[in-house]
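What follows is the residue order along each chain.
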Amino acid sequence: MSRHRFHHLVVEARSALPADPLAPLLAPLPSAPLEAPVDLSLETRAAGASELAPRLGGEPALIRAGLVARVGGGALEICGPGFRFTVDALPVPRVQGLVDPAALATPAGLAALAEGPALLALATALRARGLFHLHAAGLVLAGERTVLVPSPVGAGRSTLAVALAAAGAQFLGDDDLFVARRDGQVGLLALPRPFRLSERAARAAGVEASLEAGPAGA
């Protein structure tokens with residue numbers, strides 16, 4: 001069991017998996033005291049095929065890359081090959097992830113779960129705490145001007161964000177931002193995550209020469 005601080009919220013995570021797909025999302029977050037009140041609960045464990053079958057009926061609310069989400073009875077259910085994540089909003093927002101360990105056998109499998117259903121489940125649970133997910137980049141220019149760059153995948157969002165950061169802008173996030181109202185004002189909160197930049201995008205952003213070489217084969 002671990003507790004993390006996501007800005008003003010305390011997130012508690014429990015996992016009985018050899019590799020937790022929620023762990024890559026939580027790893028960059030600072031730890032929170034174990035006695036701190038919990039605002040969001042995350043649980044993951046291994047499950048067989050019979051437990052991974054969808055429990056909610058009706059038309060899907062979302063279908064994307066093998067992921068099917070349905071809403072019913074105050075819950076969101078996210079199903080796909082080798083996983084089922086359920087999000088309940090009350091009394092404390094909770095994510096329960098059931099995963100076939102075979103889906104975690106490779107780094108690619110773990111990354112696919114982290115960047116797909118696990119992230120969607122986390123973002124949905126955060127809505128119950130007044131945080132709303134945006135697929136966008138955020139930066140602060142000189143004069144404290146905030147720039148929000150929403151875009152679909154492949155539109156050049158990361159390239160633009162890196163170019164602005166290289167030109168002196170303060171980098172908030174490239175991929176996953178949350179809009180929240182605090183103290184009467186609307187603000188942007190970033191979920192810290194590393195992101196990949198292709199050689200072509202690095203050249204377009206003008207930062208290729210300043211990048212450090214990674215390990216061989218990385």
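Up top you'll find the structure we're talking about.
Residues numbered from 1 in each chain as written. Predicted model: local features only at pLDDT ≥ 70, side-chain atom pairs only at ≥ 80, totals over all residues. Heavy atoms only, no water.

1. Regarding the overall build of the protein
Where we set the bar: Strands are runs of DSSP state E lasting at least 2 residues, helices are runs of H or I lasting at least 4, and numbering of each runs from the N terminus. When we talk radius of gyration, it's over C-alpha atoms, and the globule rule is simply 2.2 Å times the number of residues to the 0.38. Only protein chains enter the accessibility calculation, which uses a 1.4 Å probe; a residue is then buried when its area is under 20% of its type maximum, exposed when over 50%, and partly exposed in between. Two residues qualify as a contact provided that any one of their heavy atoms is within 4.5 Å of a heavy atom in the partner residue. Each accessible area value is a Shrake-Rupley result obtained with a 1.4 Å probe; residue values ignore everything except the protein chains displayed when judging cover. When charges are counted, Lys and Arg are positive and Asp and Glu negative, with His and the chain ends excluded. In this description, the location of a charge corresponds to atom NZ of lysine, CZ of arginine, CG of aspartate or CD of glutamate.
When its secondary structure is counted, the protein shows 5 helices and 13 strands. Taken over the C-alpha trace, the protein has a radius of gyration of 18 Å; the compact-globule value for 218 residues is 17 Å, and the two agree within 12%. Along the first, second and third principal axes, the C-alpha atoms of the protein reach 50 × 45 × 40 Å. By the burial criterion, 39% of the 218 residues in the protein qualify as buried. In the protein, of all internal contacts separated by at least 6 residues, the share reaching a separation of at least 24 is 59%. Roughly 11800 Å² of accessible area belongs to the protein as shown, and the carbon and sulfur atoms make up 57% of that amount. Taking the 19 positively charged and 19 negatively charged side chains of the protein as two groups, their mean positions are separated by 4 Å.

2. A few points about helix H4 (residues 157-166)
Looking only at H4, the buried set comprises Arg-157, Ser-158, Thr-159, Ala-161 and Val-162. Phi turns positive, to about 115°, at Gly-168, one or two residues after H4.

3. Regarding the environment of Leu-9
As for its position among the elements, Leu-9 is in strand E2 (residues 9-15). With relative accessibility at 4%, the residue Leu-9 sits in the buried group. As for Leu-9 and Pro-107, which are separated by 98 residues in sequence, their C-alpha atoms are 29 Å apart. For Leu-9, the contacting residues outside a window of four places in its chain are His-4, Asp-39, Leu-126, Arg-129 and Leu-131.

4. As for the nonpolar core
Quick reminder of the rule: Nine residue types can take part in a nonpolar core, namely buried Ala, Val, Leu, Ile, Met, Phe, Trp, Tyr and Cys, and a core is a set of them joined through side-chain atoms within 4.5 Å.
Residues Phe-6, Leu-42, Ile-78, Phe-85, Leu-126, Leu-131 and Phe-178 are the most contacted members of the largest nonpolar core, which totals 34 residues. Of all the elements, helix H3 (residues 107-127) adds the most residues to this core, at 8 residues. Setting aside residues up to four positions removed in sequence, Leu-126 forms contacts with Phe-6, Leu-9, Leu-40, Leu-131 and Phe-178.

5. Some details on the sheet that holds strand E8 (residues 94-99)
Rule in force here: Two strands form a pair only when DSSP identifies at least two bridges running between them. What counts as an axis is a line fitted to C-alpha atoms, over the stretch in contact for a helix, and the angles between N-to-C directions run from 0 to 180 degrees.
The strand order across the open sheet built from 8 strands is E1-E2-E3-E8-E7-E6-E5-E4, with neighbouring strands paired in mixed fashion. Whereas interior strands pair on both sides, the edge strands pair on one side only; in this sheet they are strand E1 (2-6) and strand E4 (62-64). Across this sheet, the average inter-strand angle for adjacent strands is 15°, counted without regard to direction. Of the pairings in the sheet, the one linking strand E6 (residues 75-80) to strand E7 (residues 83-88) comprises 6 bridges and is antiparallel in character. Note that in E7 the partner of Ile-78 across the bridge is Phe-85.

6. What to know about H3
Using the following cut-off: What a helix is expected to span follows from its residue count: subtract one and scale by 1.5 Å. Take the seven residues that end at a residue and the seven that start at it, fit an axis to each, and the angle between those axes is the bend at that residue.
For H3, built from 21 residues, the straight-helix expectation of 30 Å at 1.5 Å per residue is met to within 8% by its first-to-last C-alpha distance of 29 Å. Ala-118 marks where H3 bends most, by close to 40°. Considered for burial, the residues of H3 that qualify are Gly-109, Leu-113, Ala-114, Gly-116, Pro-117, Ala-118, Leu-119, Ala-121, Leu-122, Ala-123, Ala-125 and Leu-126.

7. A word on unusual backbone geometry
You will see that His-7, though not glycine, has its phi angle at about 55°, which is positive. For His-7, the position within the fold is in the loop between E1 and E2.

8. Topic: the packing of aromatic side chains
Applicable threshold: Any pair of Phe, Tyr and Trp rings, taking the six-membered ring for Trp, is counted once the centres come within 6.5 Å. Such a pair is stacked with planes under 30 degrees apart, edge-to-face with planes over 60 apart, and tilted for the rest.
Per the stated rule, a full pass over the model turns up 2 aromatic pairs. Considering the side-chain rings of Phe-6 and Phe-178, the 5.6 Å spacing of their centres and the 80° angle between planes classify their relative orientation as edge-to-face. Linking Phe-6 in strand E1 with Phe-178 in strand E12 (residues 176-182), this pair joins segments that are 172 residues apart in sequence. Judged on exposure class, the residue Phe-6 and its partner Phe-178 are both buried.

9. Structural notes on the pattern of salt bridges
Our working definition: One speaks of a salt bridge when a side-chain nitrogen belonging to Lys or Arg is within 4 Å of a carboxyl oxygen belonging to Asp or Glu.
Per the counting criterion, the structure on display carries 8 salt bridges. Across the pair Arg-3 and Glu-12 runs a salt bridge, and its minimum N-O distance is 2.8 Å. We note that Arg-3, like Glu-12, is buried. Shared partners join several salt bridges into a network, and the residues in it are Arg-3, Glu-12 and Arg-14.

As far as function goes, none of this settles anything; it's purely spatial.
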